[in-house]
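# Close look at the chain arrangement
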Amino acid sequence: MSTEPKVRYYLGANAPGGFYSLYDQLLAPGEAEEVLILKGGAGCGKSTLMRHVAAQAEARGIPVEYIPCSGDPDSLDAILLPDRRAAIVDGTAPHGTAP
């Protein structure tokens, strides 16, 4: 089992001038081979699904980057699989990710 720290970073934050977002920089369109956008209400399992996919990827030695929600760090806004050029993202408001 790897002892390396998991990569985690935020793509949005509340700032004095309002909400600041870097969601459009999640994964450059030219670099993405697959982006899955999850839509659904609060508590329907979007973060849980992303955690399960991330755990399976890590078990197979695939690097995973975690994007926690800045408003609720126990929730995920996205996971990236950079070696696979793929991402799974929460597409519900306020994330603004659209197909």
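Residues numbered from 1 in each chain as written. Predicted model: local features only at pLDDT ≥ 70, side-chain atom pairs only at ≥ 80, totals over all residues. Heavy atoms only, no water.

We now examine the overall build of the chain. Tallying secondary structure elements over the chain gives one helix and seven strands in all. Walking the chain from its N terminus toward its C terminus, one meets helices and strands in the order β-β-β-β-α-β-β-β. Split into buried and exposed, the 99 residues of the chain put 33% on the buried side. Considering only intrachain contacts with a sequence separation of at least 6, the fraction spanning at least 24 residues in the chain is 53%. For the chain, the exposed area adds up to about 6500 Å²; of that, 54% sits on carbon and sulfur atoms. (Helix = DSSP H or I, 4+ residues; strand = E, 2+ residues; numbered from the N terminus. Buried < 20%, exposed > 50% of the residue type's maximum accessible area, 1.4 Å probe, protein only. Contact = heavy atoms within 4.5 Å. Areas by Shrake-Rupley, 256 points an atom, 1.4 Å probe, with all protein chains shown as cover.)

Here we take up unusual backbone geometry. The backbone of Arg85 shows a phi angle near 55 degrees, a positive value even though the residue is not glycine. Along the chain, the position of Arg85 falls in the loop between strand 6 (76–81) and strand 7 (86–90). Owing to a relative accessible area of 36%, Arg85 belongs among the partly exposed residues under this scheme.

Our focus in this paragraph is the pairing of strand 5 (residues 65–68). Here strand 5 shows no split at all, with Glu65 and Ile67 on one side and Tyr66 and Pro68 on the other all buried. Relative to strand 6, strand 5 is paired through four bridges, and the arrangement is antiparallel. From the neighbouring strand, Tyr66 faces strand 6, where its bridge partner is Ile79. (Pairing = 2+ DSSP bridges.)

This part takes up the pattern of salt bridges. A complete count under the given rule lists one salt bridge for this structure. Arg85 is paired through a salt bridge with Glu33; the nearest N and O atoms lie 3.5 Å apart. Highlighted residues: Arg85 in the loop between strand 6 and strand 7 and Glu33 in the loop between strand 3 (18–21) and strand 4 (34–38), separated in sequence by 52 residues. Relative accessible area serves as the criterion here: at 59%, Glu33 is assigned to the exposed category. (Salt bridge = Lys/Arg side-chain N within 4 Å of Asp/Glu carboxyl O.)

Right, let's talk about the nonpolar core for a bit. Of all hydrophobic cores here, the largest spans 12 residues; its members are Leu38, Met50, Ala54, Ala57, Ile62, Val64, Tyr66, Leu76, Ile79, Leu81, Ala86 and Ile88. Of all the secondary-structure elements, those providing two or more residues to this core are helix 1 (46–59), strand 6 and strand 7. The contact partners of Met50, leaving out residues within four places of it in the chain, are Leu38, Leu76, Asp77, Ala78, Ile79, Ile88 and Asp90. Among the nonpolar cores identified, the runner-up in size contains six residues, and Leu11, Ile67, Ala78 and Val89 belong to it. (Core = buried A, V, L, I, M, F, W, Y, C linked by side-chain atoms within 4.5 Å.)

This paragraph deals with the side chain of Lys46. Examined against the element boundaries, Lys46 turns out to sit in helix 1. For the buried Lys46, no salt bridge is present, and the opposite-charge side chain at shortest range is Asp90, 4.3 Å distant. A distance of 2.9 Å separates a polar atom in the side chain of Lys46 from the backbone oxygen of Gly40. Discounting chain neighbours no more than four positions away, the residues touching Lys46 are Leu38, Lys39, Gly40, Gly41, Asp90 and Thr92. (Lys, Arg positive; Asp, Glu negative; His and termini not counted. Polar contact = N/O pair within 3.5 Å; in protein donor to acceptor, adjacent residues only side chain to side chain.)

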